[in-house]
Amino acid sequence: MAVTPQTNEAFLREVDEELRRDQAMHFWTRYGRWLIGAVVLGLAVFAGVLVWQNQRQKQAGEQGEQLAAMFEKLGSGDEKAATKPLADLAANGVGGYRSLARFTQADILLQKNDLKGAAAKFAEVANDTSAAQPFRDLALIRQTYAEYDSLKPQTVIDRLKPLAVPGGAWFGSAGELVAIAQLKLNQKRAAGDLFGRIARDQTVPESLRQRAVQMAGELGVDAVEQIEEKKPQ
């Protein structure tokens, strides 16, 4: 008796479904334990991340309080009491707290006129790839300030020129050092142009802009007139 097309299609579907079930069972028999293990491992990793984040947040809060307490001690003149906790935080602090502690250590050395020691501390922050980039950039500028007299002018230019860009967070500070280094190399036109750009930048601190106006004027750049033109009517 001939099999009708409908019966033949139904038979093929049944065979196909049976084959899929056999393949699924074979796959589960062979890989099921590994899949369960992978799921368990993934859940364990996720739980571990949550615990780690919670511990980091708790640790950061504690270190913030420690840093505030050290600032109070330093503000009251009790440097000795702040020295060891500050060193611990500089070595083991979380994120920005470590950088702030190192900045504070460097500033203390600057107050003692230990320029070499201060530059080394600033360099620790500048070279710390785990620190936030604004911290690293500022540390590089402060390091350059500390060792400015011992650096060749071209070294200052090469080091800070990437930061001496209008619109950058540290344009004024980095640009001023670069312009002075250009003057030492007798690059008066480049220095005057850079002082002029600093003077015209409304985001630069006023005291720095006033110095830039004076220096630009000495170099033949009338930054005062250009500033007046930019003021809103």
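Residues numbered from 1 in each chain as written. Predicted model: local features only at pLDDT ≥ 70, side-chain atom pairs only at ≥ 80, totals over all residues. Heavy atoms only, no water.

Turning our eyes to something else, we now look at the overall build of the chain. Of the regular secondary structure elements, the chain holds ten helices and zero strands. Tracing the chain from N to C terminus, the helices and strands come up as α-α-α-α-α-α-α-α-α-α. Across the 233 residues that make up the chain, the buried fraction comes to 31%. As displayed, the chain offers around 15400 Å² of accessible surface, 57% of which is attributable to carbon and sulfur atoms. (Helix = DSSP H or I, 4+ residues; strand = E, 2+ residues; numbered from the N terminus. Buried < 20%, exposed > 50% of the residue type's maximum accessible area, 1.4 Å probe, protein only. Areas by Shrake-Rupley, 256 points an atom, 1.4 Å probe, with all protein chains shown as cover.)

Let us now look at unusual backbone geometry. The general pattern is negative phi for most residues beyond glycine and trans for most peptide bonds. Positive phi, close to 65 degrees, is recorded for Asn113, a residue that is not glycine. The topology assignment puts Asn113 in the loop between helix H3 (96–111) and helix H4 (115–126). Residue class for Asn113 comes out exposed when judged on its relative accessible area of 60%.

A full pass over the atoms with the stated rule returns nine salt bridges. Linking Arg102 and Glu124 is a salt bridge whose minimum nitrogen-to-oxygen distance equals 3.5 Å. Placement of the pair is Arg102 in helix H3 and Glu124 in helix H4, with a sequence separation of 22 residues. Take Arg102: its relative accessible area is 15%, and that puts it in the buried class. Notably, a salt bridge pairs Arg102 with Asp128, separated by 3.5 Å at the nearest N-O pair. Here Asp128 lies in the loop between H4 and helix H5 (133–146) and Arg102 lies in helix H3, a separation of 26 residues in the sequence. (Salt bridge = Lys/Arg side-chain N within 4 Å of Asp/Glu carboxyl O.)

Once that is clear, we can look at the side chain of Ser99. Mapped onto the elements of the fold, Ser99 is located in helix H3. On the basis of relative accessible area, Ser99 is assigned to the buried category, the value being 1%. Filtering out sequence-adjacent residues up to four positions away, Ser99 remains in contact with Val125, Ala131 and Phe135. (Contact = heavy atoms within 4.5 Å.)

The next point concerns the packing of aromatic side chains. As enumerated under the stated definition, the model contains two aromatic pairs in all. Considering the side-chain rings of Phe103 and Phe135, the 6.1 Å spacing of their centres and the 45 degrees angle between planes classify their relative orientation as tilted. One end of the pair, Phe103, is in helix H3; the other, Phe135, is in helix H5, and 32 residues separate them in sequence. In this structure Phe103 comes out as buried when scored by relative accessible area, which is 7%. (Phe/Tyr/Trp six-rings, centres within 6.5 Å; stacked < 30°, edge-to-face > 60°.)

Bringing the packing of H5 against helix H7 (residues 171–184) into the picture now. As a packed pair, H5 and H7 sit with axes 10 Å apart at the nearest point and diverge in direction by 35 degrees. H7 is crossed by H5, and the crossing has left-handed handedness. Residues Ile141, Thr144 and Tyr145 of H5 form the contact with H7, whose own contacting residues are Ser173, Ala174, Glu176 and Leu177. Split by residue class, the contact of H5 with H7 holds four nonpolar, two polar and one charged. (Axes fitted to C-alpha atoms, helices over the stretch in contact; angles between N-to-C directions. Left-handed = near helix turned anticlockwise from the far one by under 90°. Nonpolar A, V, L, I, M, F, W, Y, C, P; charged D, E, K, R; others polar.)

Membership of the largest hydrophobic core comes to 25 residues, with the highest contact counts inside it found for Val156, Leu160 and Ile198. Contributing elements (two or more residues each) for this core: helix H6 (153–160), H7, helix H8 (188–200) and helix H9 (206–218). For this core, the element with the highest residue contribution is H7, accounting for six residues. Excluding residues that lie within four positions of it along the chain, Ile198 makes contacts with Phe171, Gly172, Gly175, Glu176, Val204, Leu208, Arg209 and Ala212. Phe103, Ala106, Phe122 and Ala139 belong to the second largest nonpolar core, which has seven residues in total. (Core = buried A, V, L, I, M, F, W, Y, C linked by side-chain atoms within 4.5 Å.)

Time to look at H4. Helix length check: H4, at twelve residues, gives a terminal C-alpha distance of 16 Å against a target of 16 Å (1.5 Å per residue), a fit within 8%. Taken together, the buried positions of H4 are occupied by Gly117, Ala118, Ala119, Phe122, Ala123, Val125 and Ala126. Residues of H4 that are buried sit in contact with H3 and H5. (Expected span 1.5 Å × (residues − 1).)

Val156, Ile157 and Leu160 are the residues of H6 that are buried. Buried residues of H6, seen end-on, are gathered within an arc of 95 degrees and therefore sit on one face of the element. Where H6 is buried, its residues touch H5 and H7. (Arc of directions from axis to C-beta.)

Attention now goes to the packing of H7 against H9. Two elements in contact, H7 and H9, have axes separated by 11 Å at closest approach and are oriented at 25 degrees. With respect to their mutual orientation, H7 and H9 come out roughly parallel. Our pair here, H7 against H9, has a crossing hand that is left-handed. Seen from H7, the contacting residues are Gly172, Ser173, Glu176 and Leu183; seen from H9, they are Leu208, Arg211 and Met215. (Parallel < 35°, antiparallel > 145°, perpendicular 65-115°, else oblique.)

Note that every value here comes from positions in space, so none of it alone points to a role or purpose.
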